[in-house]
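Coordinate inspection notes
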Amino acid sequence: FSVGTTQTHTHPSVFMFLVLPFGVLGGYVTVTIAFLFTKAGIPLVQVAPLIAVTLLPNILKFIWAPLVDTTLTVKKWYIISNILTAVGILLIGILPIRVEYLTLMTVIILLASFANTFLAMATDCLMAYDTPDNLKGRAGGWSQAGNLGGYGLGGGAGLWLAERLPSAWMAGA
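Note that this is a predicted model, so its numbers are computed, not measured.

Contact geometry for helix H1 (residues 14-39) and helix H4 (residues 74-94): axes closest at 11 Å, N-to-C directions at 20 degrees. Here H4 runs roughly parallel to H1, going by the angle between their axes. As for the relative orientation of H1 and H4, their crossing is left-handed in sense. Each of Phe17, Leu18, Pro21, Val24, Leu25, Tyr28, Val29 and Ile33 in H1 lies in contact with H4, whose residues at this interface are Tyr78, Asn82, Thr85, Ile89, Ile92 and Gly93.

This part covers the environment of Ile59. Looking at where Ile59 falls in the secondary structure, it is placed in helix H2 (residues 44-60). Taking C-alpha positions, Ile59 is 24 Å from Phe35, a pair spaced 24 residues apart along the chain.

Our focus in this paragraph is the nonpolar core. Among soluble globular proteins, nonpolar side chains are generally buried collectively. Judged by nonpolar contacts, the single largest core of 21 residues is most densely connected at Ile33, Phe37, Leu50, Ile92, Met105 and Ile109. When residues of this core are traced back to their parent elements, those giving at least two are H1, H2, H4 and helix H5 (102-130). Ranked by the residues each element gives to this core, the list is headed by H1, at seven residues. Filtering out sequence-adjacent residues up to four positions away, Ile109 remains in contact with Val29, Leu50, Val53, Thr54 and Ile92. Ranked by size, the runner-up nonpolar core spans 18 residues in total, among them Phe15, Tyr78, Leu119 and Ala120.

Rules behind the numbers
- Residues numbered from 1 in each chain as written.
- Predicted model: local features only at pLDDT ≥ 70, side-chain atom pairs only at ≥ 80, totals over all residues.
- Heavy atoms only, no water.
- Axes fitted to C-alpha atoms, helices over the stretch in contact; angles between N-to-C directions.
- Helix = DSSP H or I, 4+ residues; strand = E, 2+ residues; numbered from the N terminus.
- Parallel < 35°, antiparallel > 145°, perpendicular 65-115°, else oblique.
- Left-handed = near helix turned anticlockwise from the far one by under 90°.
- Contact = heavy atoms within 4.5 Å.
- Core = buried A, V, L, I, M, F, W, Y, C linked by side-chain atoms within 4.5 Å.
- Buried < 20%, exposed > 50% of the residue type's maximum accessible area, 1.4 Å probe, protein only.

Keep in mind these numbers describe shape, not what the thing actually does.
Quick look at the structure:
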């Protein structure tokens, strides 16, 4: 360092807030939506694929991860994926909780989860490039707190809202 220069960086806690939507989608589908479908009398064997398609893109995201590094900017990827994730949650919430909507719900969840992987990758890129080496451990911890916190919000708060609001779709909104 030179005398008179200051180095600024993003505080590690920012990554908790950036990754929250990633966890929210997973929690909303696996807790709120799964509960609402089983409560409506739909057998768990028919509801389980909703959870599976939520996880599938996360398993395969290494295939399309290079797109975040080679196209657009990381911030643009973050904004686009955040918007698509929000639209996906809204669409999931709007669909009626009936067996005849399971296939459409599965497709929407798959697409929203695919978009959501870009949100996680963009956040990871921001963390990798905007965090000094001595703060990367803290940033990673905050990121995990945001992921788990988002999961809790999507599942717990989503379910709480779905059971208390006049219509279940309002929780998705």
